Amino acid sequence: RYSLFYNHLKNIEESEGGLDKFTKSYKTFGVNQLADGGIYCKEWAPGAEAVFLAGDFNGWNPFSHPYKKLEYGKWELLIPPEDGQSPVPHGSKLKVVIRAQNGALLYRISPWARYVVRDEDKVNYDWVHWNPPQSYINPSPKRLKSLRIYESHVGIASPEGKVASYKNFTYNVLPRIKDLGYNCVQLMAIMEHAYYASFGYQVTSFFAASSRYGTPDDLKEMIDVAHSMGITVLLDVVHSHASKNSEDGLNQFDGTDSCFFHSGYRGTHQLWDSRLFDYANWEVLRFLLSNLRMWIEDYRFDGFRFDGVTSMLYHHHGIGTGFSGDYNEYFGLHVDEDALCYLMLANHMINTLHPECITIAEDVSGMPALCRPVAEGGGGFDYRLAMAIPDKWIQIIKELKDEDWNMGNIVHTLTNRRYEEKYIAYAESHDQALVGDKTLAFHLMDAEMYTNMSVLMPLTPVIDRGIQLHKMIRLITHALGGESYLNFMGNEFGHPEWLDFPRIGNNESYHYARRQFNLTEDDLLRYKFLNAFDRDMNKLEERFGWLASPQAYVSEKHEANKVIAFERAGLIFIFNFHPYQSYVDYRVVAFKYKILLDSDAGEYGGHQRLDHNTEYFSEEFPHNYRPNSIMVSKLFGRLFGVFLHAWVHCYTLTPANKLHL
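Note that the coordinates shown come from a computational prediction; the quantities given were computed from them, not determined experimentally. (Residues numbered from 1 in each chain as written. Predicted model: local features only at pLDDT ≥ 70, side-chain atom pairs only at ≥ 80, totals over all residues. Heavy atoms only, no water.)

## What to know about helix α5 (residues 282–297)
Then comes step 1: Compared with an ideal rise of 1.5 Å per residue, which puts 16 residues at 22 Å, α5 spans 22 Å between its outermost C-alpha atoms and is within 8% of the ideal.
Then comes step 2: Of all 16 residues that make up α5, 14 are buried, and the element is covered over most of its length. (Helix = DSSP H or I, 4+ residues; strand = E, 2+ residues; numbered from the N terminus. Expected span 1.5 Å × (residues − 1). Buried < 20%, exposed > 50% of the residue type's maximum accessible area, 1.4 Å probe, protein only.)

## Some thoughts on unusual backbone geometry
Then comes step 1: The phi angle at Glu-497 is positive, at roughly 70°, despite the residue not being glycine.
Then comes step 2: Taking relative accessible area as the criterion, Glu-497 reaches 12% and is therefore assigned buried.
Then comes step 3: You will see that Asn-507, though not glycine, has its phi angle at about 60°, which is positive.
Then comes step 4: Checked against the element boundaries, Asn-507 lands in the loop between β21 (484–488) and α13 (527–544).
Then comes step 5: In this structure Asn-507 comes out as exposed when scored by relative accessible area, which is 71%.

## Some details on the UniProt feature "active site" (unreviewed entry) in the chain
Then comes step 1: According to UniProt, the "active site" (unreviewed entry) feature falls on Asp-307 and Glu-362. Despite a sequence span of 56 residues, these residues sit close together in the fold, their greatest C-alpha distance being 5.5 Å. In the annotated group above, the largest pocket draws its lining from Asp-307 and Glu-362.
Then comes step 2: Relative to the helices and strands, Asp-307 resides in the loop between β17 (303–306) and α6 (309–313). (UniProt positions renumbered as here; feature names shortened; annotations may be inferred. 1 Å grid on protein atoms, 1.4 Å probe; cavity = no way out; pocket = protein on both sides within 12 Å on 5 of 7 lines; lining within 4 Å.)

## A closer look at the sheet that holds strand β19 (residues 383–385)
Then comes step 1: Read around the closed barrel, the eight strands follow the order β10-β11-β14-β17-β18-β19-β20-β21; overall the barrel is parallel. Recorded for the sheet is a direction-independent mean angle of 30° between the axes of neighbouring strands.
Then comes step 2: The sheet contact formed by strand β14 (residues 232–237) and β17 spans three bridges and is parallel. Bridged to Leu-235 within β17 is Phe-304.
Then comes step 3: Here α5 sits on the sheet in contact with β14 and β17, set at roughly 135° to β17. (Pairing = 2+ DSSP bridges. Axes fitted to C-alpha atoms, helices over the stretch in contact; angles between N-to-C directions. Contact = heavy atoms within 4.5 Å.)

## Some points on the layout of surface pockets
Then comes step 1: Volume-wise, the largest pocket comes out at about 810 Å³.
Then comes step 2: If you trace the largest pocket, you find 35 residues lining it, with Trp-272, Asp-307, Gly-308, Glu-362 and Asp-431 closest to the centre.
Then comes step 3: At the level of elements, α6 and α10 (430–433) are the ones that each hand at least two residues to the lining of the largest pocket.
Then comes step 4: The dominant element in the lining of the largest pocket, judged by the number of residues it contributes, is α6, at three residues.
Then comes step 5: Considering only residue class, the lining of the largest pocket consists of 15 nonpolar, 14 polar and six charged. (Points joined across faces, edges and corners; volume = space filled by probe spheres on them. Nonpolar A, V, L, I, M, F, W, Y, C, P; charged D, E, K, R; others polar.)

## Focus: the side chain of Gln-516
Then comes step 1: If you trace the backbone, Gln-516 turns up in the loop between β21 and α13.
Then comes step 2: Residues within four places of Gln-516 in sequence aside, it is in contact with Pro-159, Phe-493, His-495, Pro-496 and Glu-497.

## So, the packing of helix α3 (residues 166–179) against helix α4 (residues 216–228)
Then comes step 1: It is at 8 Å that the axes of α3 and α4 come closest, and there the two elements cross at 15°. Classified by the angle between their axes, α3 and α4 sit roughly parallel to one another. The hand of the α3/α4 crossing is left-handed. Contact residues: Tyr-166, Lys-167, Phe-169, Thr-170, Tyr-171 and Leu-174 in α3; Asp-218, Leu-219, Glu-221, Met-222, Val-225 and Ala-226 in α4.
Then comes step 2: For the contact of α3 with α4, the class distribution of residues is eight nonpolar, one polar and three charged. (Parallel < 35°, antiparallel > 145°, perpendicular 65-115°, else oblique. Left-handed = near helix turned anticlockwise from the far one by under 90°.)

And the structure:
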């Protein structure tokens, strides 16, 4: 694998003048304005018989501006300035006209187009030449040691039933993210996609920011404001496949099915009904690598979450395949070495040219060394998603009674990660919020969320259990599950209902394509308790940095008592998951603790049973392979509908801390 990567890199150095020049192709391909006001156009269309540029600027004459044919299937066109001005005005519409091998004229959007829009009365998108001046004020944040990621979708980031805007996200959502203690926002569905309900995963224009939320400059402003708040911004990049659209997508750009993609059966994803890139193709590598660089340098994104990595890594795309961890599953002819080589090149390029940027792999297979440096033969990613964790929580909640929860199995799932590879832990993401599934809050409280979330209503056992377990699950995942933490927008406060985009099946309704942030602002609703706890949990991590600390030492996973205890970042975390058993004088490993953050307090929807002014000291009594321990005076269980708690305290000699759940 490394040999293939090395040979590709060597060929790029020898044939293209280096990786830097090769990946700057976004400045020469497509339509670009020159310093003298002229326009330089370049396309790769190996199956075309002829190529022309048409648009508002020439009265849509399909033949007045022909491209010159170059070698290797490339075409170029130079349009001189007119009186020192651009011959193609900013905001005017364009199309590349392809004469196919059968003589047909195909009107296409350039694969390198920066801005495409769709009029309300049209089905397809139009390409708009976008070339305004730009300026930035705020530098990007320094590379973070602890990533607390807020997974976001701009279009649904409003309580209103409509497509929300970049402006709305800038001025209404970013302050909320900052207040909640998240230091990174991961943006989904930014790359232009014709079908809104695809959640952004059927990309049609790879270099264009989605116009349904606003202009490219609105997105640049949004990222700039995020940087001013110290928030890192990641792009959910989709290089695993592309939309089958041809009128406003990449498919059959030059009239053949092999331009950018594998031809025939290999070029179509059988489940996603989308096109699959030919990663061995030189021009595909240019296109994808330049795409990454454009998002970093033009928009100032701070990194990427690569979607669908499992589909890329294997010829079977993970379809009908399970992964047990056997190394035969990761090495062999079923691995797409060309795709893996592309990912290595992408990470090498980013790490070399923009070492401050972060890359994340969405891989469910567990490919070894995916998050080790390329120089070691690894994939070069910084993080991988711990995708087994949310599946485990859903399985436990759906299939097991509370008294049957297995502490060892929970700990194993949260700590089972490859040595020296960083993982992003999460209890749930957008996948669990989609229609057909349920969020954790909805699994826990279901229909009672509609009737019993008011503080004016009696606290029912279902709501009490749901609120307490929602906090416990998120905290133990945050503290034990990885080296970074992710939350999908709205789930921090137990957002009710599911997520469903407007489509024919729901009468094009936006009712479920929104986030009801207003629920946390209503003092009469219990959502405010979960929201406050999530905020203070993140603030505590910001203070102690457990995500950047070595993996936790688990000192106890007691099946009968349903207690889990572990040490990380100088803190002791203790969780009592027993559905009804409380404990008095429960011995745990510790030196000294004092309550700092108590989820049993009223502001977190708790029962206010603990004295926050008491300090507790340890004794030289060995316990769980530690020399010192203490007797916890009260470790509550579920009594009369009151659920158990988790708490964390400091065992250093500095003022101690305790988090009670």
